[in-house]
Structures are given as C-alpha cells and as structure tokens.
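Listed below, chain by chain, are the residues.
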Amino acid sequence: MALRETDDAAAGVPPDAHGVQRILCRRVRGPWITDYNKETGTRKVIGNTGGYNGGGNDANVHWITYAPVYGKDAQDLFDDAKAHRQPGEKPPYVSAVLPGAADTWKHAKLMASGNFVGTGHSDLLVVCWTHATLLTSGEFSGNSKWDLMVRWSDGELDTYVGTTTKALGTEARILNANDLWTHDTVMTTGNYTANGRTDDLVIRWSDGETTMYTDTKTNRLGTERMLVAPPT
Ligand SMILES: [Ca+2]
Ligand SMILES: [Ca+2]
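Given the structure is predicted, the values throughout are model-derived calculations rather than measurements. (Residues numbered from 1 in each chain as written. Chains lettered and ligands numbered in written order. Predicted model: local features only at pLDDT ≥ 70, side-chain atom pairs only at ≥ 80, totals over all residues. Heavy atoms only, no water.)

Some thoughts on the coordination of the calcium ion (ligand 1)
Within the protein, the atoms that donate to the calcium ion (ligand 1) are Glu-139 (OE), Ser-141 (OG), Asn-143 (OD1), Lys-145 (O), Asp-147 (OD) and Asp-147 (OD), at distances of 2.2 to 2.6 Å. Coordination at the calcium ion (ligand 1) is irregular: its six donor atoms span angles of 51 to 170° at the metal. The sequence pattern describing where the donors of the calcium ion (ligand 1) fall on their chain is E-x1-S-x1-N-x1-K-x1-D. Judged by relative accessible area, which is 0%, Asp-147 ranks as buried. (Donors = N, O, S within 2.8 Å, 3.2 Å for Na, K, Ca; no water. Tetrahedral: all angles 85-135°; square planar, octahedral: opposite > 155°, others 65-115°. Buried < 20%, exposed > 50% of the residue type's maximum accessible area, 1.4 Å probe, protein only.)

Things to note about the coordination of the calcium ion (ligand 2)
Thr-193 (OG1), Asn-195 (OD1), Arg-197 (O), Asp-199 (OD), Asp-200 (OD), Asp-200 (OD) and Asp-215 (OD) make up the full set of protein donors to the calcium ion (ligand 2), lying at 2.2 to 2.8 Å. Sequence spacing of the donors to the calcium ion (ligand 2): T-x1-N-x1-R-x1-D-D-x14-D. Of this pair, Asp-199 sits in the loop between β12 (184-190) and β13 (200-205) while Asp-215 sits in the loop between β14 (210-214) and β15 (223-228), and the two are 16 residues apart along the sequence. Overall, the relative accessible area of 0% leaves Asp-199 in the buried class. (Helix = DSSP H or I, 4+ residues; strand = E, 2+ residues; numbered from the N terminus.)

A few points about the sheet that holds strand β9 (residues 147-152)
Strand pairs in the sheet, formed through backbone hydrogen bonds, run parallel or antiparallel to each other. Overall, antiparallel pairing links the four strands, which are arranged β8-β9-β10-β11 in an open sheet. Two strands lie at the open edges of the sheet, namely β8 (132-138) and β11 (170-175), each paired on one side alone. Neighbour to neighbour, the strand axes of the sheet diverge by 25° on average, direction disregarded. In terms of strand pairing, strand β10 (residues 157-161) meets β11 through five bridges, oriented antiparallel. (Pairing = 2+ DSSP bridges. Axes fitted to C-alpha atoms, helices over the stretch in contact; angles between N-to-C directions.)

Remarks on the sheet that holds β13
Taken together, four strands build an open sheet; the order of strands is β12-β13-β14-β15 and the sheet is antiparallel. Looking at strand neighbours, the two that pair on one side only are β12 and β15, the edges of this open sheet. Each neighbouring strand pair of the sheet contributes to a mean axis angle of 25°, computed without reference to strand direction. Bridging between β13 and β14 involves four bridges; their strand directions are antiparallel. What sits directly across from Arg-204, in β14, is Thr-210.

Thoughts on the pattern of salt bridges
Going through the model one piece at a time under the given rule, you end up with six salt bridges. We note a salt bridge from Asp-184 to Arg-151, for which the minimum N-O separation is 2.9 Å. Linking Asp-184 in strand β12 with Arg-151 in strand β9, this pair joins segments that are 33 residues apart in sequence. Here Arg-173 and Glu-171 are joined by a salt bridge, their closest N and O atoms 3.2 Å apart. A relative accessible area of 41% places Glu-171 in the partly exposed class. (Salt bridge = Lys/Arg side-chain N within 4 Å of Asp/Glu carboxyl O.)

Some details on helix α1 (residues 72-82)
The complete set of buried residues in α1 reads Asp-76, Asp-80 and Ala-81. Taken end-on, α1 shows its buried residues confined to a sector of 135°, consistent with a single buried face. Within α1, the exposed residues directed more than 90 degrees away from the buried face are Lys-72 and Lys-82. Backbone geometry just downstream of α1 places His-84 in the positive-phi region, at approximately 60°. (Arc of directions from axis to C-beta.)

Have a look at this one:
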C-alpha cells in the first residue's frame, strides 16, 4: 500500500491508486482515511490517533500520542483497507449487558472503577451502603494495588486499602466525622502529579470551590491546592 505524508493535516494529500490516504498530522500519524473525494473533500475515517495539535495534553508536548483502543470489528476494517478489500457485512452491534436484574441495579447508589483484579483493566465497583455519600478509587498506599475511598454521610473519610473482588481492604481513617466534609459534592481521583500515581484527590465543594489534594495517602490528605476559587 502506497502511503503519503504531509506536514500539514489541513492541506491533505491525494489518495494513492487504491483510494487510501494517510495524513501526517504534524508529528502525529493519523488519521487513517479512505475513499477520499477530491471534488467534495469528503472521506471515511477508518482509524485515528491524537496528540500534538490534535488532542495532546495542555502542555502540547509533541512526544505524547493518544490512540483509542478498537475491537475486532475495527481491526477487520483495517485489514480490509490494507488488503484493498471491500468490507463485508457485519451483524448488528450488540451492547454488553451487566450481570444482575434491573431490580437489583435500582439499589446501586454509587459507582467507581479501578483495577481491583490486577489485570490492568478497570473493574466496576457498585455500592449500596446507605450512609456512603461519595465514592472513588485510587492507589493511595503505594503498592500498585487499587484502594477504595468512601466519604460517609457524617463527613468521615476512609480508605479501604487493598480492596479486591473478594473483599474490602483494610480500613484506614483519613478524617473523623466532621461538618466541613459533609459539604463536598463531588469526589474523584486522578494521576496529576509527577509521582505517576492515581492518588490526587479532587473535591468539588457545595459552593463551587474545587480543590485538589495531591499525593494523598491512605490515612492523610495530600497537599491542598485550589483549582477553582469559590464565587466572591
Ligand atoms: Ca494500594
Ligand atoms: Ca499523584
């Protein structure tokens, strides 16, 4: 398959004899398209990547590239394009169905995802506890295994260290019951600091203030940083 490149995605390039074209988005090799029509400027996107000037991080560093993960259908489509075949008919897409009856899921109160099995893929954790108000998961202990964090209705904040699919982990207290932490309305965790660990807790408070606690541990909040100030 003949491929061509250009330094400017906006300019585009003509397709090869088979109608297959690749555009080099500056330093990011994507998207993959086919059926380019130079009269109308239309084409079909059959694959893509993102990165510098096309979905990179806020610092616009050129060496970070993101690529979506595709399933077998997308791979088949790619193989067809590569072999210059017309894609065959595909059966209708059937969405995945979670286990359990709908009546059971009515009692699901909170959800969080984390790699609790250790496969490298996220697992969905659903909580029906009456007094659990907010839920998130992260890696707060530093052992590369995911931990659960719960904010209870009285403001108590706990982690469950080493939670697996078989059992809750060991409870560790971050905050005893208190009034302030009954005013957080959203709680989530991400990996925003140089330690490369998903232990940065983000809280949105009831007045709109948004705070990050970087590098939070199992038994103490990390350094407090205001992301969004409360309205004046
Ligand atoms: Ca851990
Ligand atoms: Ca971190």
